[in-house]
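# Fold and geometry: a report
Next come the chains, spelled out residue by residue.
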Amino acid sequence: MKVDWAALGAVFGVSLAVVLGLVLLFSVALRALSAREAERERGGSAVLPTAAAAVCLLACVTVVLHGIYLIVAG
C-alpha cells in the first residue's frame, strides 16, 4: 500500500484553512451580536452589527451545507 503524501497534505491544508475560516466567521458573528446588544443598551441603532452577524452566520451555514453536499455527492 502506497500513501500519496502530497494529496494527504493538500487535504489537511485545505481542511485546516476551512476550519480556521469557519471559526473566525463564527467569532465575528458572536462579536457582532455582542456589539448589537451594547448598542441597544446605549439606545443607538443596531442595524449594522445585526447585518454583520447575519452575513457571518449565513456564510457559516453555507460552508457547512457545502461540506455536507461534498460528502453526500462524493
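Throughout, a residue's number is its position along its own chain's written sequence, starting from 1. Totals for whole chains, interfaces and linings use all residues, but because this is a predicted model, local features are given only for residues with pLDDT of at least 70 and pairs of side-chain atoms are given and counted only at 80 or more. Note that the side-chain values use all heavy atoms of the structure and ignore hydrogens as well as water.

## So, the UniProt feature "transmembrane region" (unreviewed entry) in the chain
UniProt positions are given in the numbering used here, feature names are shortened, and annotations may be inferred rather than shown by experiment. This chain's UniProt record puts "transmembrane region" (unreviewed entry) on residues 6–30 and 51–72. What you have in residues 6–30 is 100% helix and 0% strand, and the ends, taken at the C-alpha atoms, are 36 Å apart. Span residues 51–72 is 100% helix and 0% strand, its end C-alpha atoms 31 Å apart. Comment: elements are numbered from the N terminus, with helices defined as DSSP H or I runs of at least four residues and strands as E runs of at least two.

## So, a nonpolar patch on the surface
To count toward a patch, a residue needs a relative accessible area above 30% and no salt bridge. Like charges then connect within 9 Å, nonpolar side chains (Val, Leu, Ile, Met, Phe, Trp, Tyr) within 5 Å. Note on areas: Shrake-Rupley with a 1.4 Å probe; residue coverage comes only from the protein chains shown. The salt bridge criterion pairs a side-chain nitrogen of Lys or Arg with a carboxyl oxygen of Asp or Glu, the two atoms within 4 Å. There is a patch of nonpolar side chains on the surface, built from Val61, Val64, Leu65, Ile68, Ile71 and Val72 and spanning about 600 Å² of accessible area. Take Val61: it is sitting in helix α2 (residues 47–73). Looking at Val61, the relative accessible area reads 46%, which means it is partly exposed. For every residue, the accessible area obtained with a 1.4 Å probe (protein chains only) is divided by the maximum for its type, and the residue is called buried under 20%, exposed over 50%, and partly exposed between those limits.

## Looking at the state of the cysteines
Cysteine pairs can be covalently joined through their sulfur atoms, and such a bond is termed a disulfide. Working definition: a disulfide is two cysteine sulfur atoms within 2.5 Å of each other. For the coordinates displayed, the defined rule picks out 0 disulfides. Here Cys56 stays free of any disulfide, with the sulfur of Cys60 as its closest cysteine sulfur at 6.9 Å. Here Cys60 falls in the buried class, since its relative accessible area comes to 9%.

## Notes on the environment of Ala59
Here Ala59 shows up in helix α2. By relative accessible area, Ala59 is classed as partly exposed at 24%. Note: C-alpha distance between Ala59 and Leu22 (37 residues apart in sequence) is 8.4 Å.

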